[in-house]
Amino acid sequence: MKITRLFKDKLAKVSSAVLLVGVVILLFVLFFGLIYKSTPLLTEHSLLDILTNSVWAPMRGEFGFLVFILGTLWVTLLALLIAVPLCVLASIYLVEYASDRLRNMVMPLINVLAAIPPVLYGVWGVLFVIPLISQVIAPLFGITVSGYSVIAAGFVLAVMIFPIMMSIMVEVLQTIPQELRSVSLSLGATKWETIKKVILKKARPGIMAAIVLAISRAFGETIAVLMVCGNIPKIPTGIFDAGYPLPALIANNFGEMMSIPQYDAALMFAALLLFVLIFGFNLISRIILNRLEAKV
């Protein structure tokens with residue numbers, strides 16, 4: 001019996017190690033595979049020129065990715081500016097103020113939003129968000145636009161990342177010991193002072209982790225953003241301008257221009273660039289989270 005238990009323990013240890021190594025190898029295979037497929041582009045153009053050039057004209061041999069990098073950053077940043085404050089405040093209300101009955105009723109509905117296919121969010125954006133921007137919001141600023149813009153993509157993306165971000169934030173806030181709240185209130189702090197100075201400070205690493213996870217999804221979201229962002233290869237100068245994020249570029253052109261070697265390589269480079277952006281962001285975020293956790 002003891003030998004069997006030791007064998008199972010050893011088998012579990014080896015299996016876990018093999019799976020971990022497999023995941024790491026897969027990561028490197030994906031990275032170097034994208035580099036290999038991007039080689040025809042990288043041999044013809046310098047990396048600096050590709051990243052800083054804003055002209056996208058594949059038929060003339062010009063592959064400027066600055067347009068798509070800035071488009072991705074515009075849409076992601078706007079989505080975060082909309083979603084993060086709403087998620088934090090809504091999570092605080094559900095955990096600290098709402099009754100158990102209301103919380104148990106709302107949270108399943110929020111989780112259902114996470115299961116809705118992205119294309120439905122895109123359709124909702126076309127039918128509701130685009131007319132709202134073109135007929136209501138833009139005219140308030142004296143601007144006439146079609147509505148297909150980075151702010152429309154940011155709004156749709158904010159709604160898409162809202163469920164996952166809020167679910168994690170609610171769980172994080174619920175893990176804060178009740179004793180911390182009781183001690184703060186017993187010392188004369190108000191409810192809001194307790195939330196601001198004690199609860200949010202203690203939950204900061206978890207809240208940051210939720211934001212990081214949401215950003216990782218936002219960077220790679222394709223269909224819904226593609227349907228509302230405008231897809232014009234031009235650097236956005238305002239929130240009502242059209243944008244063209246990297247995922248939309250890949251989805252729009254993959255398979256259509258694969259017979260042109262440099263165009264094919266350019267799309268592979270777009271995937272590589274997106275991979276590096278997400279990996280680099282997660283790496284930096286992990287370092288920041290480690291420092292936050294050390295301070296708490």
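Calculation rules
- Residues numbered from 1 in each chain as written.
- Predicted model: local features only at pLDDT ≥ 70, side-chain atom pairs only at ≥ 80, totals over all residues.
- Heavy atoms only, no water.
- Helix = DSSP H or I, 4+ residues; strand = E, 2+ residues; numbered from the N terminus.
- Buried < 20%, exposed > 50% of the residue type's maximum accessible area, 1.4 Å probe, protein only.
- Contact = heavy atoms within 4.5 Å.
- Areas by Shrake-Rupley, 256 points an atom, 1.4 Å probe, with all protein chains shown as cover.
- Lys, Arg positive; Asp, Glu negative; His and termini not counted.
- Charge placed at Lys NZ, Arg CZ, Asp CG, Glu CD.
- Patch = residues over 30% accessible without salt bridge, like charges linked within 9 Å, V, L, I, M, F, W, Y side chains within 5 Å.
- Salt bridge = Lys/Arg side-chain N within 4 Å of Asp/Glu carboxyl O.
- 1 Å grid on protein atoms, 1.4 Å probe; cavity = no way out; pocket = protein on both sides within 12 Å on 5 of 7 lines; lining within 4 Å.
- Points joined across faces, edges and corners; volume = space filled by probe spheres on them.
- Nonpolar A, V, L, I, M, F, W, Y, C, P; charged D, E, K, R; others polar.
- Phe/Tyr/Trp six-rings, centres within 6.5 Å; stacked < 30°, edge-to-face > 60°.

A short note on the overall build of the chain
Part 1: Summing up its helical and strand segments, the chain has 11 helices and 2 strands in all.
Part 2: Listing every helix and strand of the chain by position from the N terminus yields α-α-β-β-α-α-α-α-α-α-α-α-α.
Part 3: A principal-axis box enclosing the C-alpha atoms of the chain has dimensions of 70 × 70 × 35 Å.
Part 4: Residues counted as buried form 40% of the 296 residues belonging to the chain.
Part 5: Within the chain, contacts between residues at least 6 apart in sequence are counted, and of these 73% link residues at least 24 apart.
Part 6: Total accessible area on the chain is roughly 16,400 Å²; 71% of this is exposed by carbon and sulfur atoms.
Part 7: A distance of 13 Å separates the average location of the 21 positive side-chain charges in the chain from that of its 14 negative side-chain charges.

Re a nonpolar patch on the surface
Part 1: A surface patch of nonpolar side chains, about 780 Å² in accessible area, is lined by Leu-20, Val-24, Leu-27, Phe-28, Phe-32, Phe-279, Leu-283 and Ile-287.
Part 2: At the level of secondary structure, the elements contributing two or more residues to the nonpolar patch comprise α1 (2–44) and α11 (261–295).
Part 3: With 5 residues, α1 is the largest single contributor of residues to the nonpolar patch.
Part 4: Here Leu-283 lies in helix α11.
Part 5: Overall, Leu-283 belongs to the partly exposed group, its relative accessible area being 48%.

Brief notes about the side chain of Ser-91
Part 1: Structurally, the position occupied by Ser-91 is in helix α3 (residues 66–97).
Part 2: Overall, Ser-91 belongs to the buried group, its relative accessible area being 0%.
Part 3: The contacts of Ser-91, once residues within four sequence positions are left out, are Met-166, Met-169, Val-170 and Leu-173.

Details of empty space enclosed by the protein
Part 1: Taken as a whole and assessed by the stated rule, the structure comprises 2 cavities of 30 Å³ or more.
Part 2: When its volume is computed, the largest cavity comes out at roughly 50 Å³.
Part 3: In terms of lining, the largest cavity is formed by Thr-72, Val-75, Thr-76, Leu-157, Ala-218, Phe-219, Glu-221, Val-225, Pro-245 and Pro-247.
Part 4: Elements represented by at least two residues in the lining of the largest cavity include exactly α3 and α8 (191–220).
Part 5: Split into classes, the residues belonging to the lining of the largest cavity amount to 7 nonpolar, 2 polar and 1 charged.
Part 6: Roughly 30 Å³ of volume is contained in the second largest cavity.
Part 7: Glu-96, Arg-181, Leu-185, Lys-191, Thr-194, Ile-195 and Ile-199 together form the lining of the second largest cavity.
Part 8: Of all elements in the fold, only α7 (178–186) and α8 reach the threshold of two or more residues within the lining of the second largest cavity.
Part 9: Considering every element that reaches the lining of the second largest cavity, the biggest residue donor is α8, with 4 residues.

A few points about the packing of aromatic side chains
Part 1: On inspection of all chains with the given rule, the structure shows 15 aromatic pairs.
Part 2: When the ring of Phe-31 is compared with that of Phe-32, the centres are 5.2 Å apart and the planes differ by 70°; the resulting orientation is edge-to-face.
Part 3: Plain terms: the ring middles of Trp-56 and Tyr-263 are 6.0 Å apart, the flat faces sit at 75° to each other, and that makes the pair edge-to-face. Linking Trp-56 in strand β1 (residues 56–57) with Tyr-263 in helix α11, this pair joins segments that are 207 residues apart in sequence. The pair formed by Trp-56 and Tyr-263 is uniform in burial state, with each residue classed as buried.

Taken by themselves, the reported measurements are silent on function.
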